[in-house]
Amino acid sequence: MITVVGVGPGNPKLLTSYALEKIKEAKVLVGGKRLLEQFDTKAKKIPYGKNFDLKNIDKLGDSIVVLASGDPLLYGIANTLLKNFREKVEIIPGISCVQYMASKLKVSLNDAKVVSFHGRKEKLEEILNYKKIFIFTDKVNTPQKIAKDLRKASCTDYVIFVGENLSYENEKIYRFTLRELAEYEYEFGINLVLLLGE
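As the structure is a prediction and not an experimental result, all values here were calculated from the model. (Residues numbered from 1 in each chain as written. Predicted model: local features only at pLDDT ≥ 70, side-chain atom pairs only at ≥ 80, totals over all residues. Heavy atoms only, no water.)

Novice: Would you take a moment to explain the overall build of the chain for this structure?
Specialist: The secondary structure content of the chain amounts to 6 helices and 10 strands. A globule of 198 residues ought to have a C-alpha radius of gyration of about 16 Å, and the chain, at 18 Å, matches this closely. Its C-alpha atoms give the chain principal-axis dimensions of roughly 55 × 30 × 30 Å. By the burial criterion, 47% of the 198 residues in the chain qualify as buried. Partitioning the intrachain contacts of the chain with sequence separation of at least 6 by distance along the chain shows that 63% fall at a separation of at least 24. Carbon and sulfur atoms make up 48% of the accessible area of the chain, which totals about 11400 Å². (Helix = DSSP H or I, 4+ residues; strand = E, 2+ residues; numbered from the N terminus. Rg over C-alpha atoms; globule rule 2.2 N^0.38 Å. Buried < 20%, exposed > 50% of the residue type's maximum accessible area, 1.4 Å probe, protein only. Contact = heavy atoms within 4.5 Å. Areas by Shrake-Rupley, 256 points an atom, 1.4 Å probe, with all protein chains shown as cover.)

Novice: In this structure, what is going on with unusual backbone geometry? I would like to understand it.
Specialist: Residues other than glycine predominantly adopt negative phi, and peptide bonds predominantly adopt the trans conformation. Not every positive phi belongs to a glycine, and Ser-63 is a case in point at roughly 50 degrees. On the secondary structure map, Ser-63 appears in the loop between β3 (44-47) and β4 (64-68). With phi around 55 degrees, Tyr-75 is a residue other than glycine that occupies positive phi space. Within the secondary structure layout, Tyr-75 lies in the loop between β4 and α3 (77-85).

Novice: Before we go on, may I ask you to explain the packing of aromatic side chains in this structure?
Specialist: Two measures describe an aromatic ring pair: the distance that separates the ring centres and the angle between the ring planes. Scanning the entire structure with this criterion turns up 11 aromatic pairs. Both rings, one in Tyr-75 and one in Phe-136, keep their centres 5.9 Å apart while their planes meet at 65 degrees; by these two values the pair is edge-to-face. Taken together, the residues span a long stretch of sequence, with Tyr-75 in the loop between β4 and α3 and Phe-136 in strand β7 (residues 132-136) at a distance of 61 residues. Classification of Phe-136 by relative accessible area gives buried; the value is 16%. Aromatic side chains Tyr-184 and Tyr-186 sit 5.7 Å apart centroid to centroid with 50 degrees between the ring planes, which places their arrangement in the tilted category. Residue Tyr-184 is classed as partly exposed on the basis of its relative accessible area of 31%. The rings of Tyr-174, Phe-176, Tyr-184, Tyr-186 and Phe-188 are connected pair by pair, giving a single aromatic cluster. (Phe/Tyr/Trp six-rings, centres within 6.5 Å; stacked < 30°, edge-to-face > 60°.)

Novice: In this structure, what is going on with the layout of surface pockets? I would like to understand it.
Specialist: If a probe the size of a water molecule is rolled over the atoms, the empty space left behind becomes visible. There is about 1500 Å³ of room inside the largest pocket. Together, 42 residues line the largest pocket, and Arg-34, Ser-69, His-118, Thr-137 and Ile-190 are the ones closest to its centre. Elements supplying a minimum of two residues to the lining of the largest pocket: α2 (33-36), β4, α3, α5 (143-152) and β10 (191-197). Looking at the lining of the largest pocket residue by residue, the classes come out as 17 nonpolar, 18 polar and 7 charged. Looking at the second largest pocket, its volume works out to about 160 Å³. Every residue lining the second largest pocket is listed: Tyr-48, Gly-49 and Lys-50. (1 Å grid on protein atoms, 1.4 Å probe; cavity = no way out; pocket = protein on both sides within 12 Å on 5 of 7 lines; lining within 4 Å. Points joined across faces, edges and corners; volume = space filled by probe spheres on them. Nonpolar A, V, L, I, M, F, W, Y, C, P; charged D, E, K, R; others polar.)

Novice: For this particular structure, what's the right way to read the environment of Val-28?
Specialist: In this fold, Val-28 is placed in strand β2 (residues 28-31). For Val-28, a relative accessible area of 4% corresponds to the buried category. Separated by 14 residues in sequence, Val-28 and Lys-42 have C-alpha atoms that sit 8.8 Å apart. Leave out the neighbours within four places in its chain, and Val-28 touches Ala-43, Lys-44, Ile-46, Leu-60, Asp-62, Ser-63, Ile-64 and Val-65.

Novice: Whenever I open this one, the nonpolar core confuses me. Can you help?
Specialist: Counting residues in hydrophobic clusters, the biggest one holds 22 residues, and the most contacted among them are Ile-133, Ile-135, Ile-146, Leu-150, Ile-160 and Leu-195. Put simply, the parts of the chain that give this core at least two residues each are β7, α5, β8 (158-164), β9 (172-177), α6 (178-182) and β10. Beyond its immediate sequence surroundings of up to four residues, Ile-146 is in contact with Phe-117, Leu-124, Ile-135, Thr-137, Asn-141, Ile-160, Val-193 and Leu-195. Core analysis: the next-biggest nonpolar cluster, separate from the first, contains 17 residues, Val-30, Ile-64, Val-66 and Leu-82 among them. (Core = buried A, V, L, I, M, F, W, Y, C linked by side-chain atoms within 4.5 Å.)

Spatial relationships are all this shows, so hold off on functional conclusions.
What follows is the structure in structure tokens.
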């Protein structure tokens with residue numbers, strides 16, 4: 001059995017008790033280095049990186065737990081594992097950083113659009129008919145690039161929020177106009193962007 005555990009934005013305090021139970025029972029723990037370091041366990045820890053072979057993950061042994069940041073089914077690793085191991089996979093959902101940031105800003109998710117620019121070539125103009133857009137970023141599609149692209153598209157009716165290191169002690173949530181962010185010289189840590197139409 002392969003259990004995919006959503007660990008939320010990252011702070012272990014946000015894990016469900018069932019997720020913690022599965023992590024403690026694991027014989028093999030797979031995840032990003034940052035996530036693996038958070039758990040004191042006797043399980044064999046295997047870092048998940050670019051060269052990790054997901055298609056052969058079932059060969060690692062019994063009681064495999066895969067740590068997934070956020071919610072495993074929201075642009076997460078569970079979607080990939082289900083393609084190959086649907087009957088062998090158990091998924092324990094976690095709090096997504098979208099849920100977390102929305103709760104911090106007291107913003108309803110009822111009419112929100114969630115997209116990922118993380119490692120993808122999404123077209124910003126295809127989502128601009130929404131007034132509330134959460135965007136997963138990466139090192140290419142940074143908050144500043146998104147702000148610049150919006151300005152090029154003459155979409156100036158958005159306020160933009162950047163949630164950095166959400167749930168950690170160094171968490172910060174910034175509020176910008178598009179112009180302010182486009183000109184902001186700073187390299188954000190792990191972050192999520194929220195575009196909010198005015």
